[in-house]
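A look at the structure
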Amino acid sequence: MTSSDLARVGVAPGAVSPRRPVPAHIARPEYVDRPAPAAFTGSEVKDAGTIERMRAAGRLAAQARDLVGAHVEPGVTTDELDRIGHEFLCDHGAYPSTLGYRGFPKSLCSSVNEVVCHGIPDDRRVADGDIVNIDVTAYLDGVHGDTNATFLAGDVAEETRLLVERTREALDRGIRAVRPGRRINVIGRVIECFARRHGYGVVREFTGHGIGTAFHSGLVVPHFDTDAYDEVIEVGMTFTIEPMLNLGTHEWEMWDDGWTVVTRDRRPSAQFEHTLLVTPTGAEVLTLS
């Protein structure tokens, strides 16, 4: 079967291996194995100590992302990619934030081709021509660092490769739009304006979010043009920007597992994400390796 044949068949659910253990000495987030996390009641503006801890968590998450991404190649299973990320985080004293979050069974999300986000690692082997998004979050010293990137496996079709490159550029443009005093929805306005130039669909229902001691604080960072979500950006805020751009429609469907989101037309989707700190002049990216 050729890579183009595989693309037409699409991604199908595979077998999910048992949950990987985390050493007992590693601190767990409060939500692990509970139906939902506790409501966040703190400030979106972080103090200096929290910011320093977030720098460490973000850097570790970025290192995990890059390590796992280096293993994205034809023939590897997404479960093996999960093992690599899981062991790296645990070896460095961090808890994989997704593991046990609202029942999610794995230590990272692996989203292949038309999977928009939240793909569950399983026994499916990456094929030549696939794109694979690796979404990793590290919980370290009481805070989270969240990041993702889309990686190419083998010989990827030109239009899909361009989608990946342009999604990375969309994230960069969104980051450059961050300034204290602006409304947070300016980020989505900039991203969608860029995406429309290339005819891409911009996923609306899955957004960036506030982050810190909480995995998701409740702050919403849109990637599309909207008058909603107009909170004022303040120095010391920490949040993610993580646009999902599709070659076709922005519409999506969800698998029966309750997590895996796929494009409705089954055309490819790409995503990139960073955790940011708002500074007096813009944004500091916390998830650089």
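Let me begin by describing the structure that accompanies this report. The structure displayed is predicted, hence computed values, not measured ones.

A look at unusual backbone geometry
One non-glycine residue, His118, adopts positive backbone phi at about 65°. In this fold, His118 is placed in the loop between strand S3 (115-117) and strand S4 (131-140). Despite not being glycine, Arg266 has its phi angle at roughly 65°, a positive value. Its place among the elements puts Arg266 in the loop between strand S12 (261-263) and strand S13 (269-271). For Arg266, a relative accessible area of 38% translates into the label partly exposed.

Digging into the layout of surface pockets
Reported here for the largest pocket is a volume of approximately 510 Å³. Contributing to the lining of the largest pocket are 25 residues, with Tyr101, His118, Thr207, His209 and His216 lying nearest its centre. Secondary structure elements with two or more residues in the lining of the largest pocket: S4 and strand S7 (208-209).

Examining the pattern of salt bridges
Taken as a whole and judged by the stated rule, the model has 22 salt bridges. In this structure, Glu159 and Arg267 form a salt bridge, with 3.5 Å as the shortest nitrogen-oxygen distance. With Glu159 in helix H4 (residues 158-176) and Arg267 in the loop between S12 and S13, the pair connects residues that are 108 residues apart, well separated along the chain. Exposure remark for Arg267: the relative accessible area of 32% places this residue in the partly exposed category. Its salt-bridge partner being Glu169, residue Arg176 comes within 3.4 Å of it at the nearest N-O pair. One continuous salt-bridge network, built from bridges that share partners, spans Arg20, Asp79, Asp82 and Lys106.

Thoughts on the sheet that holds strand S15 (residues 282-285)
Taken in spatial order, the 3 strands make up an open sheet running S9-S14-S15, and their pairing is antiparallel. Looking along the sheet, the strands with just one partner apiece sit at the ends: strand S9 (238-241) and S15. Neighbour-to-neighbour, the strand axes of the sheet open up by a mean angle of 45°, direction not taken into account. Relative to strand S14 (residues 274-279), S9 is paired through 4 bridges, and the arrangement is antiparallel. Across the sheet, residue Phe239 finds its bridge partner in S14, namely Leu276.

Side note on the packing of helix H2 (residues 48-70) against helix H3 (residues 78-91)
H3 packs onto H2 with a crossing angle of 150° between their chain directions and a minimal axis gap of 9 Å. The orientation of H2 relative to H3 falls into the category roughly antiparallel. Between H2 and H3 lies a crossing whose hand is right-handed. Mapping the contact onto sequence places Leu60, Gln63, Ala64, Leu67 and Val68 in H2 and Leu81, Ile84, Gly85, Phe88 and Leu89 in H3.

Parameters and conventions
Residues numbered from 1 in each chain as written. Predicted model: local features only at pLDDT ≥ 70, side-chain atom pairs only at ≥ 80, totals over all residues. Heavy atoms only, no water. Helix = DSSP H or I, 4+ residues; strand = E, 2+ residues; numbered from the N terminus. Buried < 20%, exposed > 50% of the residue type's maximum accessible area, 1.4 Å probe, protein only. 1 Å grid on protein atoms, 1.4 Å probe; cavity = no way out; pocket = protein on both sides within 12 Å on 5 of 7 lines; lining within 4 Å. Points joined across faces, edges and corners; volume = space filled by probe spheres on them. Salt bridge = Lys/Arg side-chain N within 4 Å of Asp/Glu carboxyl O. Pairing = 2+ DSSP bridges. Axes fitted to C-alpha atoms, helices over the stretch in contact; angles between N-to-C directions. Parallel < 35°, antiparallel > 145°, perpendicular 65-115°, else oblique. Left-handed = near helix turned anticlockwise from the far one by under 90°. Contact = heavy atoms within 4.5 Å.

Any functional reading would require information beyond the geometric quantities listed.
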